[in-house]
Amino acid sequence: MTKPASVPRRRPSWAGRNYTLLTAAAIVTNLGSHGALIAAAFAVLDAGGDGGDVGLVAAARTLPLVLFLLIGGAVADRLPRHHVMVAANALNCVSQAAFAVLVIAGEPQLWQMMLLTGLGGVGQAFFGPAAEGMLMSSVSGEQVSRAFALYRMAMQGAGLGGAALGGLMVAAIGPGWVLAVDAAAFALAGALRSFLDVSHIPERAPGGGLLSDLRDGWREFTGRPWLWSIVAQFSVVVAVVGAAESVFGPLVARDELGGAGPWGLALGAFGAGTVGGAILMMRWKPRRLLLAGTLCVFPLAAPSVALAVPLPVAGLAAVMFVSGVAIEVFGVSWMTAMHQEIPEEKLSRVAAYDWFGSVAMVPLATALAGPAESAFGRGPSLWGCALLVVLVTAAVLFVPDVRNLTRRTKEVTVLPAPRVADPVASTDAENPAGRLG
């Protein structure tokens with residue numbers, strides 16, 4: 001009797017059910033959210049706002065994110081992470097749907113756009129730390145870098161399509177409908193994440209309360225020089241790059257490049273670069289994780305320079321592509337370092353301090369972008385953004401742990417499959433992108 005041919009595996013052993021669901025949900029949300037970033041800026045401009053108003057709306061999203069992040073991290077290590085993520089997705093869905101209705105109805109007020117954008121920031125504050133902890137707990141072994149690279153490649157590929165399509169849709173049918181698509185994407189992603197299973201994650205021992213959890217996470221964070229130094233670096237990098245791309249970028253596109261379509265193309269080129277960087281990191285495993293990643297932060301100064309000149313659309317797109325490749329090398333290296341160095345039961349709390357430091361200065365930077373343009377001019381303000389990226393990145397290379405932390409190699413370990421599939425016990429994980437990339 002002939003033995004039947006074995007059915008080939010459709011996915012590698014480290015890509016289990018949770019990992020697959022998390023990746024699929026991230027694709028959906030990134031398709032919507034990257035277009036919505038463009039739509040929100042042009043909704044403000046179409047309503048008669050200026051660069052300062054665009055900055056205020058961007059700051060309105062980030063300020064609640066900063067205020068609630070640490071609480072979100074502690075809650076995510078205390079409650080089932082998937083419950084936290086699904087609830088956050090629901091809040092994002094409702095806030096974006098209301099924003100879309102206001103814009104489609106016509107003449108939304110600045111305070112209304114700021115309020116609804118702020119609710120989205122609250123949702124992200126609880127979602128981000130829970131999502132990062134959930135993703136890191138879904139893979140194990142020496143293939144974690146490949147898993148993170150594949151996840152980010154799928155996520156960034158969706159961002160590429162979402163940015164390009166979003167820019168075209170804003171130009172063709174208006175920003176309100178793009179915001180409506182984003183609301184639908186949050187609803188679908190939340191439904192996918194509701195099927196996640198957390199039975200393989202050990203139950204958390206009862207702690208001493210929320211403040212005790214926060215202090216414990218703070219000790220874990222401050223006890224690692226590589227961790228707090230890079231977070232301090234990114235508090236500046238994310239702020240100035242965010243101001244350049246969320247405030248100055250749309251203004252340069254409107255005044256110099258022809259509007260939303262070319263800016264969407266430039267953001268799409270950045271997304272294409274991140275896909276290329278993720279493909280690179282699926283094969284390349286730098287031994288000194290953080291040294292390789294930090295060196296790749298320097299190119300993030302280039303988009304600000306390109307906008308300051310300004311370069312034509314083709315040149316800007318090329319610069320954005322290179323910076324996308326670079327940030328992906330950093331992103332995968334950073335996630336791998338966090339995965340191998342931070343205990344699983346503290347991942348969300350440490351991730352919250354990471355996120356908090358990374359976005360703490362964004363509201364100030366985006367709110368000051370308009371006044372800086374008025375005081376110094378758009379070009380000098382963008383050159384200042386580029387200079388700050390270079391200076392803080394050079395400074396962090398003086399930290400020994402950043403230069404010397406090395407990748408650990410160990411036997412591949414596959415997480416056990418859950419004993420009972422329970423579609424109700426589920427988790428949700430979004431892009432930890434929330435930051436750069």
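For every chain, the first residue of the written sequence is number 1, and numbering continues from 1 along that sequence. The predicted nature of this model means local features are confined to residues of pLDDT at least 70 and side-chain atom pairs, given and counted, to a pLDDT of 80 or more, with totals for whole chains, interfaces and linings taken over all residues. As a convention, hydrogens and water are excluded, and side-chain values are obtained from all of the structure's heavy atoms.

Asks: How do you make sense of the overall build of the protein chain when you look at a structure like this?
Replies: Going along the chain from the N terminus, every DSSP run of H or I of four or more residues is numbered as a helix, and every run of E of two or more is numbered as a strand. Check the secondary structure of the protein chain and you find 16 helices and zero strands. Using a 1.4 Å probe on the protein chains alone, a residue whose accessible area is under 20% of its type maximum counts as buried, one over 50% counts as exposed, and one in between counts as partly exposed. Across the 437 residues of the protein chain, 56% fall into the buried class. The contact criterion used is simple: two residues touch if any of their non-hydrogen atoms lie within 4.5 Å. Considering only contacts within the protein chain whose residues lie at least 6 apart along the sequence, 91% involve residues at least 24 apart. With residues, only the protein chains shown are counted as cover, and all accessible areas are computed by Shrake-Rupley using a 1.4 Å probe. Total accessible area on the protein chain is roughly 17600 Å²; 68% of this is exposed by carbon and sulfur atoms.

Asks: Even after reading the chapter, I still don't get the nonpolar core, so can you show me in this structure?
Replies: If you look at soluble globular proteins, the nonpolar side chains tend to sit buried side by side. Only buried residues count toward a nonpolar core. Its members are Ala, Val, Leu, Ile, Met, Phe, Trp, Tyr and Cys residues joined through side-chain atoms within 4.5 Å. Core analysis: the biggest nonpolar cluster contains 109 residues, and Trp-226, Leu-227 and Trp-334 have the highest contact counts within it. In terms of residue count, helix α8 (residues 225-257) provides more of this core than any other element does, 18 residues in total. Excluding residues that lie within four positions of it along the chain, Trp-226 makes contacts with Leu-290, Trp-334, Ala-337, Met-338, Glu-341, Asp-401, Val-402 and Leu-405. Within the second largest apolar cluster, seven residues are counted, among which are Ala-149, Met-282, Cys-296 and Val-329.

Asks: Help me out: how do you make sense of a nonpolar patch on the surface in this one?
Replies: The grouping of Leu-63, Leu-67, Phe-68, Ile-71 and Leu-210 at the surface amounts to a nonpolar patch, some 420 Å² of accessible area in total. Among the elements that take part in the nonpolar patch, helix α2 (residues 51-78) stands out by supplying four residues, more than any other. Tracing the backbone shows Ile-71 in helix α2. For Ile-71, a relative accessible area of 32% corresponds to the partly exposed category. Residues enter a patch when their relative accessible area is above 30% and they make no salt bridge; the linking distance is 9 Å between like charges and 5 Å between nonpolar side chains (Val, Leu, Ile, Met, Phe, Trp, Tyr). Any carboxyl oxygen of Asp or Glu that lies within 4 Å of a side-chain nitrogen of Lys or Arg is treated as forming a salt bridge with it.

Asks: For this particular structure, what's the right way to read the environment of Gly-190?
Replies: Here Gly-190 lies in helix α6 (residues 175-193). What Gly-190 contacts, discounting residues up to four positions off in sequence, is Val-86 and Asn-89.

Asks: Explain helix α9 (residues 260-283) to me, please; I cannot follow it from the model alone.
Replies: One fewer than the residue count of a helix, multiplied by 1.5 Å, yields its expected span. An ideal rise of 1.5 Å per residue puts 34 Å on 24 residues; α9 measures up with 35 Å between its terminal C-alpha atoms. Among the 24 residues that make up α9, 17 are buried, leaving the element largely enclosed by the rest of the structure.

Asks: Quick question: what am I supposed to make of the packing of helix α4 (residues 110-137) against helix α12 (residues 313-341) here?
Replies: A pair of packed helices can be characterised by two numbers: the angle between their axes and the separation between those axes. The geometry of α4 relative to α12 is characterised by a closest axis approach of 11 Å and an angle of 75 degrees between their N-to-C directions. By the angle between their directions, the pair α4 and α12 is classed as roughly perpendicular. Where α4 abuts α12, its residues Glu-132, Leu-135 and Met-136 lie against Met-335, Met-338 and His-339. Orientation is described by lines fitted to C-alpha atoms, with helices fitted over the stretch in contact, and by angles between N-to-C directions that extend from 0 to 180 degrees. Any angle from 65 to 115 degrees is called roughly perpendicular, while one under 35 is roughly parallel, one over 145 is roughly antiparallel, and all others are oblique.

Asks: Please explain helix α1 (residues 17-46) as it appears in this structure.
Replies: Note: α-helices contain 3.6 residues per turn, so residues at a spacing of three or four share the same orientation. Across its 30 residues, α1 extends 43 Å between first and last C-alpha, which sits within 8% of the 44 Å expected from 1.5 Å per residue. Bending is quantified residue by residue as the angle between axes fitted to the seven-residue window ending at that residue and the seven-residue window starting at it. Of all the bends in α1, the largest measures some 25 degrees and sits at Ala-36. Counting buried positions along α1 yields 21 of 30 residues, so the element is predominantly enclosed. Residue Gly-48 follows α1 closely and has a positive phi angle near 100 degrees.

Asks: Where do I start with the pattern of salt bridges in this structure?
Replies: For side chains of opposite charge, pairing can occur when their charged atoms come near one another. Per the stated rule, a full pass over the model turns up five salt bridges. One salt bridge connects Glu-328 with Arg-152, and the closest N-O pair in it is separated by 2.6 Å. Remark: Arg-152 occurs in helix α5 (residues 144-173) and Glu-328 occurs in helix α12; sequence separation between them is 176 residues. The burial state of Glu-328 is the same as that of Arg-152; both residues are buried.

Asks: Just to check I follow, could you spell out the packing of aromatic side chains for this structure?
Replies: One pair of aromatic rings is described through two measures. These are the centre distance and the angle between the planes. In summary, the pairing rule links any two rings of Phe, Tyr or Trp, Trp by its six-membered ring, whose centres are within 6.5 Å, and it sorts them by plane angle into stacked for under 30 degrees, edge-to-face for over 60 and tilted for everything else. Counting across every chain of the model gives seven aromatic pairs. On the numbers, 4.5 Å between centres and 20 degrees between planes, the contact of Phe-234 with Phe-330 is stacked. Placement of the pair is Phe-234 in helix α8 and Phe-330 in helix α12, with a sequence separation of 96 residues. A relative accessible area of 8% means that Phe-330 is categorised as buried. Ring geometry for Phe-330 and Trp-334: centres 5.9 Å apart, planes at 15 degrees, overall stacked. Note that Phe-330 and Trp-334 are positioned in helix α12 at a spacing of four residues, about one turn of the helix. Put simply, the rings of Trp-226, Phe-234, Phe-330 and Trp-334 pair up and form one aromatic cluster.

Asks: Before we go on, may I ask you to explain the environment of Gly-73 in this structure?
Replies: Among the structural elements, Gly-73 can be located in helix α2. Classification of Gly-73 as buried rests on a relative accessible area of 0%. Along the backbone, Gly-73 and Tyr-353 are 280 residues apart, and their C-alpha atoms lie at a distance of 8.0 Å. Among all residues touching Gly-73, those that are not within four sequence positions of it are Pro-129, Ser-348, Arg-349 and Ala-352.

Asks: Before we go on, may I ask you to explain unusual backbone geometry in this structure?
Replies: Generally, phi is negative for residues other than glycine and the peptide bonds are trans, each holding for most cases. For the bond from Val-309 to Pro-310, the omega torsion is -15 degrees, close enough to zero to count as cis. Tracing the backbone shows Pro-310 in the loop between α11 (302-308) and α12.

Asks: Would you mind going over the packing of α8 against helix α15 (residues 378-396) with me for this structure?
Replies: Relative orientation of the contacting elements α8 and α15 amounts to 160 degrees, with a least axis distance of 9 Å. Regarding the angle of α8 to α15, the classification is roughly antiparallel. For the pair α8 and α15, the crossing hand works out as left-handed. Counted together, Ser-229, Ile-230, Gln-233, Val-236, Val-237, Val-240, Val-241, Ala-244, Phe-248, Leu-251, Val-252 and Asp-255 of α8 and Arg-378, Ser-381, Leu-382, Cys-385, Leu-388, Val-389, Val-392, Thr-393 and Val-396 of α15 form the full contact between these two elements. Two helices cross in a left-handed way if the nearer one is turned anticlockwise from the farther one by less than a right angle. They cross in a right-handed way if the turn is clockwise.

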